[in-house]
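# Report on the structure
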Amino acid sequence: MTTEAASARLPAAGVPRLARGVRLRHDEARGQWVLLAPERVLQPDPVAVEILKRVDGERSIDAIIDDLILAFSVERGRVAADVDAFLAGLVEKGMVEVAS
Amino acid sequence: MNVVPRSEPIAAPVAVPLPVPYGMLAELTHRCPLMCPYCSNPVELDRRNAELDTESWLRVFGEAARLGVLQVHLSGGEPTARRDLEEMIRHCVKVGLYTNLITAGVGVTPERLQAISEAGVDHIQLSFQGATAEVTDHVSNFRGAHERKLAVAREVRRLGIPLTINSVVHRANIHQIPDFLELALSLGAKRIEIAHAQYYGWALRNRGALMPTREQVFEALDVVEEARERLKGVLTIDAVVPDYYAKYPKACMNGWGRQSLNVTPSGKVLPCHAAETIPNLDFWNVREHSLAEIWQASPAFNAFRGTDWMPELCRSCERKEKDWGGCRCQAMAIAGDAAATDPACHKSPLHGHLLALAEADAAAGVTDYDYRRFTTPDRAQ
């Protein structure tokens, strides 16, 4: 099965990982998740956090989507589009790399 | 090195009574092989025998992480002059701090870089004083500096560490901005800082030899804007704006005591690296207080925190929580009063005076630098 919609920018079988110099961590002092990069502190929204937690350099984009569907009982098409758009944005910023 | 106040917020403000700092600049030492005339270190440099020991720094990093600091910038002087740098990096990683090493890259061997990489550094920021050997070597007063920096940049990339090129621009290199961008691209950097010199300490002393003309500054801003668009997704360009020719002041440090703090080699904690140019501020030291106590209660941090300290001109301004009254050190340097409106603001009665100073310096054509140095020979070096 493929989740690769016609508009998808990343290969569904590709395995994303955070680039070196990019770290996701929970910020206890402010009670939120943060994505840390060179001279940048990003505050991902709750959906983005759930995606990022699954970007571990082992799971494929497809597997991440499957996992999100299971965890949140959401519709596949919508999740696939969200994940693709979000990760493609980070790839463009050099914060995520996708191995195929 | 030159560490400069950010012109853009790195994150949204936090809705708590007292802000929690995001970043800490750790000036590990003032020792440095380079002699840049715009150095952000104070004119009175700390000696080696005044530096905090390893144990104290490790404690400070732990306190910073607990206070809520997310990113630590290991700087100097030249931070690799500290032989315990790797131990500090390992500790920062352990307590969860994102570690950014800010180096001049002179005297850093491939073996040292390997050790720094293995310690877990997240990012390296490497300064270039010019885009060519002639300019770098002249500005830093160190022959061969440029070649050594190139070698370090290549080694950093070979190790897979993200690289930022940091260039401070002024009259002698402002025409090289396109070359700086090319240099960054050719070295595989993903980010470059084009930081106009900020006139405090050494740079204020050398303002006559550093200040560009208004035309040069505006042309430089255009070059950066054009490049930013063209290189989107390839090279991130962060600019630190020149303010002598500006209409509005910079939001210095995004507000005093609001997002960041700075620890000097001898352990003093400052709201910004130039804060010691303001007389009669009481800075507390990590030798006597915890970082949290200093952040919350030290007189220096509370002196200009928020908006209550502001003169009427700033307090009634719609931009008061946008530029936070500009820069206190510049108000001190130009107006002689740290609580005055920053003269870079067009509403300041001294705005015309600031502009006249810049134009006079740019026109005078002074070329000799008063290079950064310890005022008497440092026997400890």
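Refer to the preceding data block for the structure.
A brief report on the enclosed structure follows. (Residues numbered from 1 in each chain as written. Chains lettered and ligands numbered in written order. Predicted model: local features only at pLDDT ≥ 70, side-chain atom pairs only at ≥ 80, totals over all residues. Heavy atoms only, no water.)

Either a parallel or an antiparallel arrangement is found when strands of a sheet pair, and the pairing is made through backbone hydrogen bonds. Residue and element names in this part refer to chain A. Reading across the sheet, the 3 strands line up as β2-β3-β4 and stay open at both edges, with antiparallel pairing between neighbours. At either margin of the open sheet sits one strand with a lone partner, and together these are β2 (23-27) and β4 (40-42). For this sheet, the mean angle separating the axes of adjacent strands, direction not counted, is 30°. In the sheet, β2 pairs with strand β3 (residues 32-37) via 5 bridges, with the strands oriented antiparallel. Paired with arginine 23 across the bridge in β3 is leucine 36. (Pairing = 2+ DSSP bridges. Helix = DSSP H or I, 4+ residues; strand = E, 2+ residues; numbered from the N terminus. Axes fitted to C-alpha atoms, helices over the stretch in contact; angles between N-to-C directions.)

What follows covers the environment of leucine 35 of chain A. Residue and element names in this part refer to chain A. Here leucine 35 lies in strand β3. Note: C-alpha distance between leucine 35 and leucine 52 (17 residues apart in sequence) is 8.9 Å. Ignoring anything within four residues of it in the chain, the contact list for leucine 35 reads Leu18, Val22, Arg23, Leu24, Arg40, Val41, Leu42, Pro44, Leu52, Leu90 and Met95. (Contact = heavy atoms within 4.5 Å.)

If you walk through the whole model with that rule in mind, you get 29 salt bridges over all chains. The salt bridge involving arginine 59 of chain A is made with aspartate 67 of chain A; its shortest N-O contact spans 2.9 Å. Residue class for aspartate 67 of chain A comes out partly exposed when judged on its relative accessible area of 24%. With a closest N to O distance of 3.3 Å, arginine 205 of chain B and aspartate 370 of chain B form a salt bridge. (Salt bridge = Lys/Arg side-chain N within 4 Å of Asp/Glu carboxyl O. Buried < 20%, exposed > 50% of the residue type's maximum accessible area, 1.4 Å probe, protein only.)

Turning our attention to unusual backbone geometry. Each neighbour pair has its own omega, and for glycine 76 of chain B with glycine 77 of chain B the value is 5°, a cis peptide bond. Here glycine 77 of chain B is to be found in the loop between β2 (71-75) and α2 (85-94). Although it is not a glycine, glutamate 39 of chain A sits at a positive phi angle of roughly 60°. Within the secondary structure, glutamate 39 of chain A is located in the loop between β3 and β4. With relative accessibility at 8%, the residue glutamate 39 of chain A sits in the buried group. In this structure, asparagine 254 of chain B is a non-glycine residue whose phi angle is positive, near 55°. Judged by relative accessible area, asparagine 254 of chain B falls into the buried class, the value being 7%.

Below, the discussion takes up the interface of chain B and chain A. In this assembly, 33 residues from chain B lie in contact with 17 residues from chain A. The shortest N-O distance in the salt bridge between aspartate 238 of chain B and arginine 40 of chain A comes to 3.0 Å. Inspection of the chain B/chain A interface yields 14 residue pairs in polar contact (both at pLDDT 80 or more). When contributions to the side of chain B that touches chain A are tallied by element, the ones reaching two or more residues are β2, β3 (98-103), β4 (123-127), β6 (191-196) and β7 (236-240) of chain B. With 3 residues, β3 of chain B is the single largest residue contributor to the side of chain B that touches chain A. Class assignment of the residues belonging to the side of chain B that touches chain A gives a composition of 16 nonpolar, 12 polar and 5 charged. (Polar contact = N/O pair within 3.5 Å; in protein donor to acceptor, adjacent residues only side chain to side chain. Nonpolar A, V, L, I, M, F, W, Y, C, P; charged D, E, K, R; others polar.)

Okay, the side chain of asparagine 206 of chain B next. All names here are of chain B. Within the secondary structure layout, asparagine 206 lies in the loop between α7 (201-205) and α8 (207-210). Of note is the side chain of asparagine 206, whose polar atom sits 2.6 Å from the backbone nitrogen of aspartate 370. Leave out the neighbours within four places in its chain, and asparagine 206 touches Pro37, Asp368, Tyr369 and Asp370.

As far as function goes, none of this settles anything; it's purely spatial.
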